[in-house]
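# Residue-level structural notes
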Amino acid sequence: MTRRFKQIDVFSAVPFKGNPLAVILDAEGLSDEQMQSIARWTNLSETTFVLPATDPAADYRVRIFTTQEEFPFAGHPTLGTAHALLEAGMQPKTPGVLVQQCGIGLVPVRIGANGALGFRAPPARLNAMETELLPLLYATLGLDSLPAQHPPVVANMGICWLVVRLASAADCLAVVPDAVALAELMRRSASDGVAIYGAHAEGGPAELEARAFTVENGMLLEDPVTGSANACIARLLPGQDYRVRQGTVLCRDGRVSVIHDTDGPWIYGQSVTIIDGTLTC
């Protein structure tokens, strides 16, 4: 049968400058194996499958697959799926807010006046990285030191990032990670990848520069723009509103806005539809 399909560029209003996401809008009847097979075929960092909500408070339910596994939550799939559903005509139960049901529960997505969407960062378990892993972290990033006032933190919000602050945005952009060391670091820290960030000088393109790395099938991958990693970083910077640029080294220009509210940080970004059609499966 044919199912509605969209490919969305997330965290950019300019086509081909953000992070692509495949969205299957009519996923009822697909088995776990079929969803994983489709996600392997799209070969994107994530593919989402929209299903009817089972929680009456939610507008829809989503399952999020990488090419290898299912995630209970991820950031750019949350915004990209919401964008696809609104474009397809979904009317939220609560004006101005879509409520997504996923593996970690309910995630609200606000509809901004300028077309941006923002999800509330889920609660995160924050634990200092074990100091015995510092040599391995240095080997991963090609560094010999880190700012003492910002120790690395393992942040888990359904997807788990080892978050590392560097001295500057320039230091962040200069990192050339080592895939073998990164794979071992991910294993020993029980994380899904490493997210690094550093501050731009005043008047720069954003307040922060961010990058996120993981290893799949022995290959180093850099994510163009990462909602969950930015949500984890936001949990370490309470009360601060700021903008992030990500994807620069990949010739992308992803833009993330972090806005704190009384219920915590919200992660905002623009999205644009690149492909709109049907998938035969």
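Residues numbered from 1 in each chain as written. Predicted model: local features only at pLDDT ≥ 70, side-chain atom pairs only at ≥ 80, totals over all residues. Heavy atoms only, no water.

## Thoughts on the side chain of Asn19
Test applied: Where helices and strands are cited, they refer to DSSP runs of H or I of at least four residues and of E of at least two residues respectively, numbered from the N terminus. Pairs of N or O atoms are called polar contacts if they sit within 3.5 Å, as long as, within protein, a hydrogen donor faces a hydrogen acceptor (for residues adjacent in sequence, only side-chain-to-side-chain pairs).
Assignment of secondary structure puts Asn19 in strand β2 (residues 19-24). In terms of polar contacts, Asn19 uses its side chain to reach the side chain of His76, at 3.4 Å.

## Details of the environment of Val153
What counts, and what does not: Every residue pair with non-hydrogen atoms within 4.5 Å of one another is taken to be in contact.
With respect to the element layout, Val153 can be found in strand β10 (residues 153-156). Between the C-alpha atom of Val153 and that of Val97, which follows or precedes it by 56 residues, the distance is 31 Å. Beyond its immediate sequence surroundings of up to four residues, Val153 is in contact with Leu126, Asn127, Ala128, Met129, Trp161, Leu162, Val163 and Leu236.

## Side note on the side chain of Glu216
Test applied: Summary of the burial criterion: residues with accessible area below 20% of their type's maximum are buried, those above 50% are exposed, and those between are partly exposed, where the area comes from a 1.4 Å probe applied to protein chains only. In this charge count, Lys and Arg are treated as positive and Asp and Glu as negative; neither His nor the chain ends contribute. Think of a salt bridge as a Lys or Arg side-chain nitrogen and an Asp or Glu carboxyl oxygen that are within 4 Å of each other.
Counting through the fold element by element, Glu216 comes out in strand β13 (residues 208-216). For the buried Glu216, no salt bridge is present, and the opposite-charge side chain at shortest range is Arg40, 11 Å distant. Beyond its immediate chain neighbours, meaning those up to four positions away, Glu216 contacts Thr67, Gln68 and Leu221.

## Describing the environment of His200
Mapped onto the secondary structure, His200 falls in the loop between β12 (193-199) and β13. Excluding anything up to four places from it in sequence, His200 contacts Ala169, Pro205, Ala206, Glu207, Leu208, Glu209 and Arg245.

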